[in-house]
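Residue strings, one per chain:
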Amino acid sequence: MWLWFSRLGSPKWFYELAGRWLPWTWALTVLLFVAGSALALLFSPPDYQQGETVRIMYLHVPAAFLSMACYLTMAIASVIALVWRMKMAFAVARSCAPIGAAMTALALFTGAVWGKPIWGTWWEWDARLTSELVLLFLYLGYIALHESISEQSQADRAAAVLAIVGVVNLPIIHFSVDWWNTLHQGASISRLQKPAIDASMLWPLFTMLAAFFAFFAASLMSRVRNEILKREAASRWVKALVKA
Amino acid sequence: MRLAALLRREIAIAGRNKAAILIPLVFFVLVTSLFPFAVSPDADQLALLAPGVIWVAALLATLLSLEHFYQGDYLDGSLEQLLLTTGSPALLALAKSIGHWLLTGLPLVLVAPMLGLLLHLPLDAQVAMVLTLLLGTPALCLIGAIGMCLTLGINRNGILVSLLILPLYIPVLIFGSSGVQAASLGLPYDGQLALLAAIFILALVLAPVAAGHALKISTS
Amino acid sequence: MSFTSFADFLAMGGYAPYVWTCYGATLLTLAVIVAGLRRQKKKLMETIRLQHPERQAVAPGRIVVKQTAEDS
């Protein structure tokens with residue numbers, strides 16, 4: 001166990017292992033996306049209320065789910081990095097940020113496009129959408145802070161503190177927005193609530209969720225490999241690798 | 001009592017620059033008094049807007065005043081000295097937050113009723129506004145300290161601090177202004193006060209730890 | 001299969017602009033992330049290569065190490 005843990009902390013070991021896994025992970029991603037899109041677009045029934053717009057759900061829900069899972073990964077990696085002073089965990093945390101920010105933006109965009117036909121408006125100050133917007137700001141803040149500090153280890157540690165502060169605040173923000181939303185929009189709540197999902201829609205949703213997570217795994221590994229190259233640029237093995 | 005000594009030093013040094021203490025206050029009044037020009041001088045409309053306007057202005061004034069309490073100490077190296085001599089970064093961050101609140105937060109709370117009058121806020125709502133600000137502004141100072149301490153080494157960090165901290169201010173803003181709104185409609189607002197108190201206590205316990213850690217990182 | 005014809009499939013029950021915009025946006029987002037990763041890797045490789053020029057053997061057995069950014 002400890003051997004494994006200390007190995008995980010070794011950039012060279014991770015770089016090589018991820019390099020071996022990457023082709024398979026990308027292949028799995030493509031496969032799941034093809035299967036998921038077919039299920040979502042062709043083989044799932046239209047919703048009796050939302051019609052064909054329900055097909056947007058198969059993108060919106062996984063993107064929103066991933067945007068939050070990605071933030072959680074970033075925060076956990078930050079805790080590990082700060083507590084055990086593990087350089088690799090800093091690289092993982094930094095790599096999560098751009099992917100998570102992109103997923104959050106995608107969740108917001110698909111949410112707005114989905115909202116137009118069913119709620120009749122592009123934007124509703126709904127608790128979920130608003131929390132997602134705040135999440136985007138948190139990601140942007142993390143990236144901006146990391147980019148503003150020129151010294152690598154200082155940037156890593158400062159951004160890690162911010163990620164942890166953010167993850168402590170997210171539930172509070174979500175709760176308060178939820179509370180505020182029920183206060184102001186009591187009438188519209190019922191039309192925002194989603195009914196229970198039918199089994200015929202669960203399979204496409206699960207496949208798409210798996211596809212998004214496979215994409216997350218693959219792009220995170222690639223991104224961490226880049227981060228390693230950047231951080232270990234002075235080391236012997238990276239120099240040998242670049243020359244080869 | 002180390003905290004008392006740190007606090008005395010904080011107030012003595014930050015209080016020396018009178019202009020830096022007054023400017024956030026003037027900013028608070030100025031921003032609020034822009035709204036009648038922007039919206040309408042109509043008393044009913046202004047009363048409707050007042051809770052939100054005053055709360056947002058107080059929040060921005062707190063954010064603006066942060067720099068004065070940290071940047072000077074950081075640049076002349078006394079922050080590093082203090083970290084070495086006090087031994088506890090969290091205690092130092094707490095002292096700074098309390099000093100910040102006493103010199104800017106508290107004056108904002110005292111000036112707010114005058115702005116409430118300008119915006120035709122009813123009397124009940126005035127009381128609610130003072131109470132919510134009294135509980136909310138210390139939380140703003142404590143949370144703001146984290147953002148400020150994280151960005152100490154960065155040139156022109158003002159806009160970055162806003163980006164980091166404003167999302168975290170949302171809960172305080174929501175409960176603060178909705179408490180005032182409830183009071184102006186004649187509704188009870190003890191729920192909002194309780195939630196603000198909860199946020200304040202949570203911030204009091206956790207924020208100095210995070211800010212202290214950030215101080216250590218920024219000065220290393 | 002929930003559509004009877006290809007035209008039906010494209011029309012998405014009258015919601016074509018919404019549904020296809022979302023699928024397009026997703027594809028674009030994923031493509032932008034992947035393109036970003038590849039470009040980042042290429043740029044990194046190039047910078048590292050520039051930072052560490054080939055060590056040149058001047059005479060047999062004697063190696064001159066050039067001053068590089070890493071050493072300073």
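In the block above lies the structure referred to throughout.
Residues numbered from 1 in each chain as written. Chains lettered and ligands numbered in written order. Predicted model: local features only at pLDDT ≥ 70, side-chain atom pairs only at ≥ 80, totals over all residues. Heavy atoms only, no water.

> Mind showing me how you'd approach the overall build of chain B here?
What chain B contains, in helices and strands, is eight helices and zero strands. Starting at the N terminus and ending at the C terminus, chain B contains elements arranged as α-α-α-α-α-α-α-α. Computed over C-alpha atoms, the radius of gyration of chain B comes to 18 Å, within 12% of the 17 Å expected from 2.2 N^0.38 for 220 residues, which places it in the range of a compact globule. When its C-alpha atoms are laid out on the principal axes, chain B stretches across 55 × 35 × 30 Å. (Helix = DSSP H or I, 4+ residues; strand = E, 2+ residues; numbered from the N terminus. Rg over C-alpha atoms; globule rule 2.2 N^0.38 Å.)

> Hey, could you run me through a nonpolar patch on the surface in this one?
The grouping of Val168 of chain A together with Ile201, Leu202, Leu204, Val205 and Leu206 of chain B at the surface amounts to a nonpolar patch, some 500 Å² of accessible area in total. Within the fold, leucine 206 of chain B resides in helix 8 (residues 190-219). (Patch = residues over 30% accessible without salt bridge, like charges linked within 9 Å, V, L, I, M, F, W, Y side chains within 5 Å. Areas by Shrake-Rupley, 256 points an atom, 1.4 Å probe, with all protein chains shown as cover. Salt bridge = Lys/Arg side-chain N within 4 Å of Asp/Glu carboxyl O.)

> What should I look at first to understand unusual backbone geometry in this one?
Of all residues except glycine, most have a negative phi; of all peptide bonds, most are trans. At arginine 85 of chain A, a residue that is not glycine, the phi angle is positive and equals roughly 50°. Position of arginine 85 of chain A among the secondary structure elements: in the loop between helix 3 (57-84) and helix 4 (87-119). Its identity as a non-glycine residue notwithstanding, arginine 156 of chain B has a phi of 45°, on the positive side. With respect to the element layout, arginine 156 of chain B can be found in the loop between helix 6 (123-150) and helix 7 (158-184). Of the residues examined, arginine 156 of chain B reaches a relative accessible area of 81% and is grouped as exposed. (Buried < 20%, exposed > 50% of the residue type's maximum accessible area, 1.4 Å probe, protein only.)

> I tried to follow the side chain of serine 78 of chain B on my own but got confused; where do I start?
With respect to the helices, strands and loops of the structure, serine 78 of chain B is situated in helix 4 (residues 78-86). Every residue in contact with serine 78 of chain B, bar those within four places of it in the chain, is listed here: Arg9 and Asp73 of chain B. (Contact = heavy atoms within 4.5 Å.)

> What am I meant to see in the interface of chain A and chain C here?
Opposite the 45 residues of chain A that make contact, chain C presents 31 residues. In this assembly, chain A packs against chain C so that about 3300 Å² is buried in total across both faces, 76% of it on carbon and sulfur atoms. Looking only at chain A, the three residues that lose the most surface to chain C are Leu41, Asn226 and Val242 of chain A, adding up to 18% of its buried area. One can count zero salt bridges joining chain A with chain C. If you tally residues by element for the side of chain A that touches chain C, the top one is helix 8 (residues 199-231) of chain A, at 11 residues. A class-by-class count of the residues in the side of chain A that touches chain C yields 29 nonpolar, seven polar and nine charged. (Buried area = accessible area lost by both parts, 1.4 Å probe. Nonpolar A, V, L, I, M, F, W, Y, C, P; charged D, E, K, R; others polar.)

> So what exactly am I meant to see when it comes to the packing of aromatic side chains here?
For any pair of aromatic rings, the description rests on two quantities: the centre-to-centre distance and the angle between the ring planes. Tallied over the entire structure, the rule returns 15 aromatic pairs over all chains. Ring-pair connections join several aromatic residues into one group, and the members of that group are Phe6, Phe9, Trp20 and Tyr23 of chain C. Sitting over the ring of tyrosine 15 of chain A, arginine 225 of chain A keeps its end group 4.0 Å from the ring centre. In this structure, lysine 96 of chain B is placed above the aromatic ring of tyrosine 70 of chain B, and the distance from its NZ or CZ to the ring centre is 5.3 Å. (Phe/Tyr/Trp six-rings, centres within 6.5 Å; stacked < 30°, edge-to-face > 60°. Lys NZ or Arg CZ within 6 Å of the ring centre and 35° of its normal.)

> Got a minute to help me understand the packing of helix 3 (residues 43-75) of chain B against helix 5 (residues 89-118) of chain B in this structure?
How two helices sit against one another is set out by the angle between their axes and by the gap between those axes. All names here are of chain B. The contact between helix 3 and helix 5 brings their axes to 9 Å, and the two run at 150°. As the angle between them shows, helix 3 and helix 5 are arranged roughly antiparallel. In this structure, helix 3 crosses over helix 5, and the sense of that crossing is right-handed. Across the interface between the two elements, Leu46, Ile54, Ala58, Ala61, Thr62, Ser65, Leu66, Phe69, Tyr70 and Asp73 from helix 3 touch Ala93, Lys96, Ser97, Gly99, His100, Leu103, Thr104, Leu108, Leu115, Gly116 and Leu118 from helix 5. Among the residues making up the contact of helix 3 with helix 5, the classes are represented as 12 nonpolar, seven polar and two charged. (Axes fitted to C-alpha atoms, helices over the stretch in contact; angles between N-to-C directions. Parallel < 35°, antiparallel > 145°, perpendicular 65-115°, else oblique. Left-handed = near helix turned anticlockwise from the far one by under 90°.)

> What should I look at first to understand the interface of chain B and chain A in this one?
Interfaces are frequently sized by the accessible area removed from exposure as the parts join. In this complex, chain B contributes 24 residues to the contact, which on the side of chain A involves 27 residues. Summed over both partners, the interface of chain B with chain A buries about 2200 Å², with 83% contributed by carbon and sulfur atoms. Of the residues contributing to the side of chain B that touches chain A, the split by class is 17 nonpolar, seven polar and no charged.

> What is the right way to read the pattern of salt bridges from this model?
Oppositely charged side chains can form a pair if their charged atoms are brought close together. Within the structure shown, the criterion is met by 11 salt bridges over all chains. Residue arginine 231 of chain A pairs with aspartate 156 of chain A through a salt bridge whose shortest N-O separation is 2.8 Å. Here arginine 231 of chain A is found in helix 8, whereas its partner aspartate 156 of chain A is found in helix 6 (residues 152-184), with 75 residues between them in sequence. Across the salt bridge formed by arginine 9 of chain B and aspartate 73 of chain B, the nearest N and O atoms sit 3.3 Å from each other. Here arginine 9 of chain B, found in helix 1 (residues 2-16), pairs with aspartate 73 of chain B, found in helix 3; they are 64 residues apart in sequence, far enough to count as distant. Take aspartate 73 of chain B: its relative accessible area is 7%, and that puts it in the buried class.

Read these as layout, nothing more, since geometry by itself doesn't imply function.
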